[in-house]
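Each chain is listed here by its residues.
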Amino acid sequence: MSYAPSCQLLQQVQQRQRPDFQSLFAIQNPTEDLNYTNLEVESILSYFPSHQVLSKKQATKAALSQAATELKEANYLHFSCHGLTDFNNTSDEYIGLPSGFLYAGSSSVVSSFWTVNDLSTSFLMIKFIQILQDTTDMSVPLAMNQVQQWLRDVTKEELQEWVKKSFIS
């Protein structure tokens, strides 16, 4: 599913090129209640030559503000945490982090509007990064579609083999 806060922003985003993912800035489990977030973030670090992570108690609003320069220079932002929606918005449309990232110049945002299972989300995001890094000309929506199909259709044996290859070797 794709969503754009406005037609004007959709036109702008469609003209943006997907960056070469060389640098990562991540927020990792600031509330420390997501069991598989650490696995997720630690697993994707190897795909980026340069990375900075605000992990657990380090991931504060103040630390994020201080890291503004690193945020601007990163090709990929990965926020592995909870998000909340303010239903008292003064606008006719949804306003939140995804819209903010698009307005700030991101070429795409992957986000969820609902509560998701931590383990399957970790697998989804790790495989998503693997697909994006292995196929440089693939669009983000197509990569997400592929990983969603993979997660939906993968057998127990195939998943165990992928886990062994991705985390144990």
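Everything quoted here is computed from the prediction, not taken from an experiment. (Residues numbered from 1 in each chain as written. Predicted model: local features only at pLDDT ≥ 70, side-chain atom pairs only at ≥ 80, totals over all residues. Heavy atoms only, no water.)

Asker: How do you make sense of the overall build of the protein when you look at a structure like this?
Answerer: Looking only at helices and strands, the protein features 8 helices and 3 strands. In the protein, buried positions account for 31% of the 169 residues. Restricting to contacts in the protein with at least 6 residues of sequence separation, those with at least 24 account for 72%. A total accessible area of about 11000 Å² is found for the protein, and carbon and sulfur atoms account for 51% of it. (Helix = DSSP H or I, 4+ residues; strand = E, 2+ residues; numbered from the N terminus. Buried < 20%, exposed > 50% of the residue type's maximum accessible area, 1.4 Å probe, protein only. Contact = heavy atoms within 4.5 Å. Areas by Shrake-Rupley, 256 points an atom, 1.4 Å probe, with all protein chains shown as cover.)

Asker: I'm lost on the side chain of Gln-133 in this one. Help?
Answerer: Following the sequence through the fold, Gln-133 ends up in helix 6 (residues 118-134). On the basis of relative accessible area, Gln-133 is assigned to the buried category, the value being 19%. A distance of 2.8 Å separates a polar side-chain atom of Gln-133 from the backbone oxygen of Tyr-47. Residues contacting Gln-133, with those up to four places away along its chain left out, are Phe-21, Tyr-47 and Phe-48. (Polar contact = N/O pair within 3.5 Å; in protein donor to acceptor, adjacent residues only side chain to side chain.)

Asker: Would you explain the side chain of Ser-43 in this entry?
Answerer: Take Ser-43: it is sitting in helix 2 (residues 37-44). Owing to a relative accessible area of 14%, Ser-43 belongs among the buried residues under this scheme. Apart from the residues within four sequence positions on either side, Ser-43 is in contact with Ile-126 and Phe-167.

This is a description of form; function is not addressed.
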